Amino acid sequence: MAQHTDPGGTGAHGAAQGHHAMGEQQRETLRRAIRLEWITIAWVSATVVLVGLVAGQSQAMRAAWAEDALSLLPPVAFLVATRFIRRPSSRSHPYGHHRAIGVAHLVAALALLGMGSYLAISSAMGLIRVERPPVGLMVIFGQPIWTGWLMIAVMVVTSPGPVVLGRLKKRLAEDLHDKVLSADGDMGSADWRTAIATVVGVLGIGIGWWWADAVAAIIVSVSIIKDGVHNLWSAIAGLTDTEARTVDGSEPHPLTLEVEQRALAEPWVADASARVRDLGHVLHVELFVAPHAGIAPQLEQLEALHRRVCELDWKVDDVVVVPCRELPSSQTFRSTLRD
Amino acid sequence: MHPGPLVGPRRARLRRTVAAAAALIVMLLVTTGCLGSMPRDSQGTLDRATGGVLRVGVSEHPPFTVVGENGDVSGEEVDLIQQYAAGIDARIEWTAGPESVLSEAMKNGDLDVVIGGFTADAPWTSTIAFPRPYTTLERPDGSTAKVVMGVRPGENALMVDLELFLARAAGEI
């Protein structure tokens, strides 16, 4: 095995921390994302209170309430994580604190999955036991009104907020390469389906179909479970150092290929292989380079390569260049985007 | 890579989605018909009792309910339910018994309404639906509890009708 040195990972070219590595444009995007998440928290809190006031015995309303309360988790996780990732790396955290986002993602995913399963099971039990939901009267300012109408009104009034915010957040998530923000946006923009299912369930109670409500609740919980499973896989993939992927997880991240191509563009490089993992919102790059036979790369050449790779994208945060006589046999695969 | 602002086809698609959702809801409202008749009973209890028989279970709890030696019933809630039954032109079929027995009878579908100074935190919520409280009572320890009548679960037309009657009787509306 060739000698491994690490000219790029220390000293003047030491890895910039993700937060500082961001350009002005990304920092502005991050500020907008933080603002959107605070708006989300305010909106969802108001929704949780309103839905809680009218939920009563309706399973679908309880399911919608739980989904709303749970949808507070990703914004909170995002806001906590964006504080953590600002901390610089240290002896005790040599890779920095970027993994905080991965942990936040995992917590949010597990909460979704757990609550979705609980709701699905309790609604199914309600169907089996033929539990007929009682939905009665409320008196508001001396006016009697069937609680079902209030439930429908609350659903119609509160659901557009997360949908609009979710669409805005998904766009920012792509720029910021932030999976928690992306997952949050996905959940929000799917919120209108929950609202419609709940409204249909309550109308079902209204026309005497006692089962409509539980069926609607099961449909809502299936969508919560789907969110949970999707996010759980994505969080586990990130925490187990799988190949870096685009923020929606649909394809390998193009930067892996770009890093390798950038290395191969150096005249002294014969072969290069990069392993790139996703630390949450920034990428950690270990780049193995084998020089042409008979060439011993100078420190300046290695530093130049390190700098050029760092300049590819602000997301390329922590770069280690490893020169070796030939590529390590365990790393001779190439970016899956090649060819 | 940047998906761009929400204009053109993206916005049109969003609008179509929202319009479709709204249309679906309106359609449902229209097809279910007679919005004014909502909510309806899941087993038509109010329709059956109107001009017919209202099956009322009584658990003794003075002064709300008193069950005499010979089985005749009296008390504040008995008076209230008699007034309510008169309003829907129903004859009352009384069943006296402790709460646990009434709960079992309710589960078997043998009763429509139960009375007996039930409180809103009573442990019978799986078999009895409790409407909104119509008054309060003071417990021996000085705390107050909300007093409710019990209705067959899922019979929401009957429940809302009874709630309206009680709210009017209490002068709330």
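- For chain B, an unreviewed UniProt entry supplies the name Transporter substrate-binding domain-containing protein and the organism Brachybacterium epidermidis.

- Under an unreviewed UniProt entry, the name given to chain A is Cation transporter, and the organism recorded is Brachybacterium epidermidis.
- UniProt lists a comment for chain A under the heading Subcellular location (unreviewed entry), and it reads "Membrane".

**Focus: the overall build of chain B**
Phase 1 of the analysis: A tally of regular secondary structure across chain B gives five helices and seven strands.
Phase 2 of the analysis: Of the regular secondary structure in chain B, the N- to C-terminal order runs α-α-β-β-β-α-β-α-β-β-β-α.
Phase 3 of the analysis: Here chain B, with 173 residues, has 45% of them falling under the buried criterion.
Phase 4 of the analysis: Nonlocal contacts in chain B, meaning residues at least 24 apart in sequence, comprise 61% of its contacts between residues at least 6 apart.
Phase 5 of the analysis: With an accessible surface of roughly 8900 Å², chain B has 55% of that area assigned to carbon and sulfur atoms.

**Focus: the overall build of chain A**
Phase 1 of the analysis: For chain A, the helix and strand inventory stands at twelve helices and five strands.
Phase 2 of the analysis: What you see for chain A is a C-alpha radius of gyration of 25 Å, clearly larger than the 20 Å of a compact globule of 339 residues, by over 25%.
Phase 3 of the analysis: Reported as C-alpha extents along the three principal axes, the dimensions of chain A are approximately 90 × 35 × 35 Å.
Phase 4 of the analysis: Within chain A, buried positions represent 53% of all 339 residues.
Phase 5 of the analysis: The contacts in chain A between residues at least 6 apart in sequence include a share of 74% that link residues at least 24 apart.
Phase 6 of the analysis: Only carbon and sulfur atoms are counted for the fraction: they give 62% of the accessible area of chain A, which is about 15000 Å².
Phase 7 of the analysis: Charged side chains of chain A number 29 positive and 33 negative; the gap between the two group centres comes to 4 Å.

**Regarding the side chain of B:Ser42**
Phase 1 of the analysis: Position of B:Ser42 relative to the elements: it lies in the loop between α1 (8-32) and α2 (45-49).
Phase 2 of the analysis: For B:Ser42, the side chain forms a polar contact with the side chain of A:Arg132, separated by 2.9 Å.
Phase 3 of the analysis: Residues within four places of B:Ser42 in sequence aside, it is in contact with A:Arg132, A:Gly208, A:Trp210, B:Gly154 and B:Glu155.

**Quick look at the packing of aromatic side chains**
Residues and elements named next belong to chain A.
Phase 1 of the analysis: Enumeration over the complete set of coordinates arrives at four aromatic pairs over all chains.
Phase 2 of the analysis: Centroid distance Trp146 to Trp149: 5.9 Å. Interplanar angle 85°. Geometry classified as edge-to-face.
Phase 3 of the analysis: Since its relative accessible area comes to 26%, Trp149 is described here as partly exposed.
Phase 4 of the analysis: Over the ring of Tyr95 we find Arg277, and its NZ or CZ is 5.0 Å from the ring centre.

**A word on the sheet that holds strand β5 (residues 113-119) of chain B**
All names here are of chain B.
Phase 1 of the analysis: Reading across the sheet, the five strands line up as β4-β1-β5-β7-β6 and stay open at both edges, with mixed pairing between neighbours. The open sheet has two free edges, formed respectively by β4 (91-96) and β6 (135-138), since each of these has just one partner strand. Each strand of the sheet is rotated relative to its neighbour by a mean of 30°, with strand direction disregarded.
Phase 2 of the analysis: Across the sheet, helix α5 (residues 156-169) is in contact with β5 and β7 (144-151); its angle to β7 comes to roughly 135°.

**What about the pattern of salt bridges?**
Phase 1 of the analysis: In the structure shown here, the tally under the stated rule is 17 salt bridges over all chains.
Phase 2 of the analysis: A salt bridge links A:Lys315 to A:Asp313; the nearest nitrogen and oxygen atoms lie 3.6 Å apart.
Phase 3 of the analysis: On the basis of relative accessible area, A:Lys315 is assigned to the buried category, the value being 2%.
Phase 4 of the analysis: When the shortest N-O distance is used, the salt bridge between B:Glu172 and B:Arg132 registers 2.9 Å. With a gap of 40 residues between them, B:Glu172 in the segment after α5 and B:Arg132 in the loop between β5 and β6 connect regions that are remote in the sequence.
Phase 5 of the analysis: What makes B:Glu172 partly exposed here is its relative accessible area of 36%.
Phase 6 of the analysis: Taken together, the salt bridges that share partners define one network made up of A:Glu24, A:Glu28 and A:Arg31.

**Describing the pairing of strand β1 (residues 53-58) of chain B**
Where a strand is regular, its side chains alternate between the two sheet faces.
Residue and element names in this part refer to chain B.
Phase 1 of the analysis: Burial runs high along β1: five of the six residues are buried.
Phase 2 of the analysis: Two elements, β1 and β4, share six bridges in a ladder whose sense is parallel. Note that in β4 the partner of Arg55 across the bridge is Glu93.
Phase 3 of the analysis: Inspection of the sheet shows β1 paired to β5 by three bridges, in the parallel sense. Paired with Gly57 across the bridge in β5 is Val114.

**Describing the sheet that holds strand β3 (residues 269-278) of chain A**
Residue and element names in this part refer to chain A.
Phase 1 of the analysis: Sheet architecture is open: three strands sit in the order β3-β4-β5, paired in mixed fashion. A single partner strand is all that each edge strand has here, and the edge strands are β3 and β5 (316-323). Strand-to-strand twist in this sheet, taken as the mean axis angle between neighbours without regard to direction, amounts to 20°.
Phase 2 of the analysis: Sheet topology places strand β4 (residues 283-291) next to β5; seven bridges connect them, and they run parallel. Bridge pairing links His284 to Asp318 in β5.

**What about the domain arrangement of chain A?**
Residues and elements named next belong to chain A.
Phase 1 of the analysis: Considered domain by domain, chain A is made up of domain 1 (18-239) and domain 2 (254-338).
Phase 2 of the analysis: The distance between the C-alpha centroids of domain 1 and domain 2 comes to 40 Å.
Phase 3 of the analysis: Taken together, the contact between domain 1 and domain 2 spans 16 residues of the former and eleven residues of the latter.
Phase 4 of the analysis: Together, the buried faces of domain 1 and domain 2 total about 1300 Å²; carbon and sulfur atoms form 55% of this surface.
Phase 5 of the analysis: It is Tyr95, His98 and His177 that lose the most area in domain 1 upon contact with domain 2, and together they represent 41% of the buried surface on that side.
Phase 6 of the analysis: For the pair domain 1 and domain 2, the number of links is one salt bridge.
Phase 7 of the analysis: One salt bridge connects Asp278 with Lys179, and the closest N-O pair in it is separated by 3.2 Å.
Phase 8 of the analysis: At the surface where domain 1 touches domain 2, the tally comes to five residue pairs in polar contact (both at pLDDT 80 or more).
Phase 9 of the analysis: Across the side of domain 1 that touches domain 2, the residue classes break down as six nonpolar, six polar and four charged.

What counts, and at which threshold
- Residues numbered from 1 in each chain as written.
- Chains lettered and ligands numbered in written order.
- Predicted model: local features only at pLDDT ≥ 70, side-chain atom pairs only at ≥ 80, totals over all residues.
- Heavy atoms only, no water.
- UniProt positions renumbered as here; feature names shortened; annotations may be inferred.
- Helix = DSSP H or I, 4+ residues; strand = E, 2+ residues; numbered from the N terminus.
- Buried < 20%, exposed > 50% of the residue type's maximum accessible area, 1.4 Å probe, protein only.
- Contact = heavy atoms within 4.5 Å.
- Areas by Shrake-Rupley, 256 points an atom, 1.4 Å probe, with all protein chains shown as cover.
- Rg over C-alpha atoms; globule rule 2.2 N^0.38 Å.
- Lys, Arg positive; Asp, Glu negative; His and termini not counted.
- Charge placed at Lys NZ, Arg CZ, Asp CG, Glu CD.
- Polar contact = N/O pair within 3.5 Å; in protein donor to acceptor, adjacent residues only side chain to side chain.
- Phe/Tyr/Trp six-rings, centres within 6.5 Å; stacked < 30°, edge-to-face > 60°.
- Lys NZ or Arg CZ within 6 Å of the ring centre and 35° of its normal.
- Pairing = 2+ DSSP bridges.
- Axes fitted to C-alpha atoms, helices over the stretch in contact; angles between N-to-C directions.
- Salt bridge = Lys/Arg side-chain N within 4 Å of Asp/Glu carboxyl O.
- Domains from an automatic or database assignment.
- Buried area = accessible area lost by both parts, 1.4 Å probe.
- Nonpolar A, V, L, I, M, F, W, Y, C, P; charged D, E, K, R; others polar.

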